[in-house]
Amino acid sequence: MLKKYKVITEWVQEEIRKGSLHYRERIPSEKELAEQFGVSRQTVRRALEDLNEAGIVESRRGSGTYVSMNARRPERGETRIAVMLTYVDTYIFPSIIRGIESELSREGCILQIAVNNNAVEKERMVLREFIRTRSVDGLIAEAVKSGLPNPNLDLYRELEKMGIPVLFVNSYYRDLDLPHVSLDDRKAGYLAARHLLECGHTKIGGIFKSDDGQGHFRYAGYTDALMEREIKVLGSRIIWLDSGESSELEEESRRILKRLKDCTACVCYNDEVAYKLTEILRKEAIRVPEDMSVVGIDNSAMAEFCPVPLTSVRNPVEELGRSAALKMVGKIFRGEEMESEEFAPELVIRNSVRVMNRLI
């Protein structure tokens with residue numbers, strides 16, 4: 001026969017497993033539990049002490065006892081971490097996954113990859129499935145079109161309420177109070193534009209993504225650098241693209257060439273855009289860097305192997321992945337709080353920028 005306090009500890013754990021008690025939810029008070037089980041409050045305190053030591057609940061002085069993150073331990077004997085990205089097998093995404101996988105495998109976790117193709121409806125379908133099945137113990141996610149209002153934020157909040165920790169990687173939703181690991185995108189845009197200014201360029205255009213929060217931050221960094229030198233930020237020199245347009249940039253070539261016609265340099269949202277811009281310029285017999293200097297962001301393989309190797313701002317994507325994974329396992333296994341982290345960008349100089357009159 002179970003000891004009386006054990007009956008209480010098992011009841012609390014079963015209520016959590018069933019979902020009747022959620023993460024951060026207050027459990028019944030000592031008095032309520034004593035009345036419910038017909039025991040003394042001393043017996044209840046012993047049960048709560050055991051639950052506290054096991055990391056299942058936490059006591060808050062003057063407030064009560066609450067379900068803690070460690071309460072949701074996998075019944076399967078395994079820890080499954082879902083990684084939901086916009087894309088998975090191109091550009092920087094394999095490196096992000098490699099970083100995440102290296103740390104999760106070290107901890108014996110199972111990696112489950114989901115791809116939403118940067119589509120809000122696919123993101124919603126994946127999130128609803130995680131909630132319905134309760135099949136994952138943590139979620140590392142990349143935001144979908146983070147520069148636009150998103151109808152799925154309630155589902156991320158529901159996962160948190162269920163005790164499933166959520167961490168964003170590479171991009172995030174500013175309307176959610178959830179941690180993220182990313183590049184300091186504003187600083188990245190600043191470094192790209194500042195380098196062009198230091199090389200003597202003053203007529204600097206920009207190509208940025210409008211539906212992506214990273215595009216907004218990188219544009220803000222671009223404007224910071226120009227305003228620091230008291231150079232006007234001209235909207236006529238900026239090209240805003242949505243995700244579909246950036247993947248098929250050649251179809252926007254007329255608009256891009258028109259906007260950049262009086263520019264000597266251009267800051268690009270990322271290396272993929274920069275690479276495609278060099279192709280558009282080549283077809284128009286506009287030479288890089290002699291006629292147009294180009295800077296990308298991410299320092300990907302596309303920058304290195306471009307016909308004219310691109311100067312680019314390094315985005316340490318594999319390190320982002322490792323950091324995100326370490327924060328997630330620290331939360332699940334040790335109850336550590338996850339804090340946001342933004343990595344400092346670094347400029348990698350190659351051959352795509354012409355030095356005019358260098359400014360110090």
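Residues numbered from 1 in each chain as written. Predicted model: local features only at pLDDT ≥ 70, side-chain atom pairs only at ≥ 80, totals over all residues. Heavy atoms only, no water.

## Considering unusual backbone geometry
Comment: phi is negative for the bulk of residues other than glycine, and the bulk of peptide bonds are trans.
Phase 1: The step from Val-288 to Pro-289 runs through a cis peptide bond, and the omega angle for that step is 10°.
Phase 2: As for its placement among the helices and strands, Pro-289 is situated in the loop between helix H11 (271-283) and strand E11 (293-298).
Phase 3: Residues other than glycine seldom take positive phi values, yet Tyr-91 does so here, at roughly 55°.
Phase 4: Mapping Tyr-91 onto the fold places it in the loop between strand E3 (80-85) and helix H4 (93-106).
Phase 5: At Asn-170, a position not held by glycine, the phi torsion is positive, near 75°.
Phase 6: Here Asn-170 is to be found in the loop between strand E6 (166-169) and strand E7 (180-183). (Helix = DSSP H or I, 4+ residues; strand = E, 2+ residues; numbered from the N terminus.)

## Here we look at the layout of surface pockets
Phase 1: The volume enclosed by the largest pocket comes to roughly 480 Å³.
Phase 2: Looking at the largest pocket, it is lined by 28 residues, and the ones nearest its centre are Tyr-87, Phe-93, Lys-209, Asn-270 and Glu-272.
Phase 3: At the level of elements, helix H8 (213-228), helix H9 (243-247) and H11 are the ones that each hand at least two residues to the lining of the largest pocket.
Phase 4: In terms of residue count, H9 provides more of the lining of the largest pocket than any other element does, four residues in total.
Phase 5: Residues belonging to the lining of the largest pocket are distributed by class as follows: seven nonpolar, twelve polar and nine charged. (1 Å grid on protein atoms, 1.4 Å probe; cavity = no way out; pocket = protein on both sides within 12 Å on 5 of 7 lines; lining within 4 Å. Points joined across faces, edges and corners; volume = space filled by probe spheres on them. Nonpolar A, V, L, I, M, F, W, Y, C, P; charged D, E, K, R; others polar.)

## Topic: empty space enclosed by the protein
Phase 1: The full count for this structure, using the stated rule, is three cavities of 30 Å³ or more.
Phase 2: Taken as a whole, the second largest cavity holds about 50 Å³ of empty space.
Phase 3: Lining the second largest cavity are Ser-146, Asn-170, Ser-171, Tyr-172, Arg-174, Asp-185, Gly-213, Gln-214 and Phe-217.
Phase 4: A per-element tally of the lining of the second largest cavity places H8 first, with three residues.
Phase 5: Partitioning the lining of the second largest cavity into residue classes produces two nonpolar, five polar and two charged.

## Here we look at the nonpolar core
Phase 1: Judged by nonpolar contacts, the single largest core of 24 residues is most densely connected at Met-84, Phe-130, Leu-139, Tyr-156, Leu-159, Phe-168 and Tyr-173.
Phase 2: Contributing elements (two or more residues each) for this core: E3, helix H5 (120-133), strand E5 (138-141), helix H6 (153-161) and E6.
Phase 3: Aside from chain neighbours lying at most four places away, what touches Leu-139 is Ala-82, Met-84, Leu-127, Phe-130, Tyr-156, Leu-159, Ile-164, Pro-165, Val-166, Leu-167 and Met-328.
Phase 4: Cys-109, Ile-140, Leu-320 and Phe-343 belong to the second largest nonpolar core, which has 23 residues in total. (Core = buried A, V, L, I, M, F, W, Y, C linked by side-chain atoms within 4.5 Å. Buried < 20%, exposed > 50% of the residue type's maximum accessible area, 1.4 Å probe, protein only. Contact = heavy atoms within 4.5 Å.)

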